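Notes for the structure review
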Amino acid sequence: LKEMTGVSFSVINETPGVKPSGKVISLGRTGLAMAAGFSDANLGREGYSINVKGDNLFLMGGKVRGPIYAVYALLEEDLGCRWYEKGTATIPHVPTLTLKPVARKFVPVLDIRDPFYWDAFDGTWSLRNRTNSPSASVPEEFGGNMSYALFVHTFNTLVPPDQYFKDHPEYFSENNGKRNPGQLCVSNPDIVPIVVNKVKEILKANPNAEVISVSQNDGMPCCDCPVCRAKAKEEGSLAGPLLLFINKVADAVAKDYPNVKICT
């Protein structure tokens, strides 16, 4: 706001003995916001709300990045600021700043919102554009970011071929009538406890992780054994046998790690 107008704004930390006077921009769960009837109870992790009552503006947010997102939403949507690439900012300059903010609330549907290109891997860019990318590191004091314990193409990590293929080729994919270590045979129930135990081991070593990937290897054909083929036909897609397997893993892992998401 100072850069836009040249005017300095006083920042007051609300305490029992200190109450702001005049027109106020209230940020977060302040007593002023509570007294005005606003709450952050339904804003989740990263949701935010923008409200006006009398001469005061109220920016509230969920427990992770919500208050910061409320600020950036106001700056972008109501005041015209833009952050197109990292390290740059488009900030309007006006001698008198007038706005009529629309009261609104927004809670992201997706926990991971990852544009996955170079500038989007920057933590400051991510905050300003309200993404949440595991690749864009944000300090914990600014809400942190979704973190993977294991990231994509993980079958070989969870069931290493050099450990299992010789004695148990049936754990792995069949193509043209031959078993090969390209993928897992996801219809084989014997691999489920192996994967579950490995996932739990990895999560134990990564206590702050919120997501772990149980996913196919890159560039190799799916298992084409009779059981996998039958399940794919029944489900109408090659994703069918994979998702049936993933859900078995997720159900077992959830007993010890109910807040971790399994992705594929």
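Scroll up for the structure.
Please read these numbers as outputs of a predicted model, since none were measured by experiment.

Digging into the environment of Leu110
Summarising the element assignment, Leu110 is placed in the loop between strand 4 (104-106) and helix 4 (123-129). C-alpha of Leu110 to C-alpha of Asn132: the two residues are 22 residues apart in sequence and 9.0 Å apart in space.

Considering the packing of helix 7 (residues 191-205) against helix 9 (residues 239-254)
Closest axis-to-axis distance for the helix 7/helix 9 pair is 9 Å, and the angle between their directions is 50°. What the angle tells us is that helix 7 and helix 9 run oblique. The handedness of the crossing between helix 7 and helix 9 is right-handed. Residues Ile191, Val192, Val195, Val196, Val199, Lys200 and Leu203 of helix 7 lie in contact with helix 9, whose contacting residues are Phe245, Lys248, Val249, Ala252 and Val253. Partitioned by chemical class, the residues of the contact of helix 7 with helix 9 number 10 nonpolar, no polar and 2 charged.

Details of the layout of surface pockets
In this structure, the largest pocket occupies an estimated 1000 Å³ of space. Surrounding the largest pocket, 29 residues form its lining, Leu1, Phe9, Ser10, Val11 and Ile25 being those nearest its centre. Listed by contribution, the elements that provide at least two residues to the lining of the largest pocket are helix 1 (2-5), strand 1 (25-27) and helix 3 (66-78). Take the lining of the largest pocket: its biggest share by element is 4 residues, from helix 3. For the lining of the largest pocket, the per-class residue count stands at 19 nonpolar, 5 polar and 5 charged. Roughly 420 Å³ of internal volume is contained in the second largest pocket. Around the second largest pocket, the lining is made up of 17 residues, and of these Lys23, Ile25, Asp55, Leu57 and Leu99 lie nearest the centre. Taken together, the residues that form the lining of the second largest pocket break down as 12 nonpolar, 3 polar and 2 charged.

Observations concerning a nonpolar patch on the surface
A contiguous nonpolar surface patch, about 340 Å² in accessible area, is contributed by Leu1, Val7, Phe9 and Ile25. Tracing the chain through its elements places Phe9 in the loop between helix 1 and strand 1.

Some points on the nonpolar core
Val195, Val199, Ile212, Val214 and Phe245 are the most contacted members of the largest nonpolar core, which has 33 residues in total. Only strand 5 (148-150), helix 5 (155-158), helix 7 and helix 9 provide two or more residues apiece to this core. Those residues in contact with Phe245 that lie beyond four places of it in its chain are Phe155, Val186, Ile191, Val192, Val195 and Val214.

Comments concerning the packing of aromatic side chains
Inspection of every chain in the model, using the stated rule, returns 10 aromatic pairs. Ring plane angle 75° and centroid distance 5.8 Å describe the contact between Tyr117 and Trp125, whose orientation is recorded as edge-to-face. Each member of the aromatic cluster is reached from another via a ring pair, and the members are Phe116, Trp118 and Phe121.

Let's talk about the pattern of salt bridges
Counted by the stated rule, this structure contains 12 salt bridges. Across the salt bridge formed by Arg179 and Glu174, the nearest N and O atoms sit 3.6 Å from each other. With a shortest N-O distance of 2.7 Å, Asp256 and Lys200 are connected by a salt bridge. Highlighted residues: Asp256 in the loop between helix 9 and strand 9 (261-263) and Lys200 in helix 7, separated in sequence by 56 residues. The exposure class assigned to Asp256 is partly exposed, which follows from its relative accessible area of 48%. Look at Lys200 and you get partly exposed, because its relative accessible area is 23%.

What counts as what
- Residues numbered from 1 in each chain as written.
- Predicted model: local features only at pLDDT ≥ 70, side-chain atom pairs only at ≥ 80, totals over all residues.
- Heavy atoms only, no water.
- Helix = DSSP H or I, 4+ residues; strand = E, 2+ residues; numbered from the N terminus.
- Axes fitted to C-alpha atoms, helices over the stretch in contact; angles between N-to-C directions.
- Parallel < 35°, antiparallel > 145°, perpendicular 65-115°, else oblique.
- Left-handed = near helix turned anticlockwise from the far one by under 90°.
- Contact = heavy atoms within 4.5 Å.
- Nonpolar A, V, L, I, M, F, W, Y, C, P; charged D, E, K, R; others polar.
- 1 Å grid on protein atoms, 1.4 Å probe; cavity = no way out; pocket = protein on both sides within 12 Å on 5 of 7 lines; lining within 4 Å.
- Points joined across faces, edges and corners; volume = space filled by probe spheres on them.
- Patch = residues over 30% accessible without salt bridge, like charges linked within 9 Å, V, L, I, M, F, W, Y side chains within 5 Å.
- Areas by Shrake-Rupley, 256 points an atom, 1.4 Å probe, with all protein chains shown as cover.
- Salt bridge = Lys/Arg side-chain N within 4 Å of Asp/Glu carboxyl O.
- Core = buried A, V, L, I, M, F, W, Y, C linked by side-chain atoms within 4.5 Å.
- Buried < 20%, exposed > 50% of the residue type's maximum accessible area, 1.4 Å probe, protein only.
- Phe/Tyr/Trp six-rings, centres within 6.5 Å; stacked < 30°, edge-to-face > 60°.

Without other data, these values stay purely geometric and don't point to any function.
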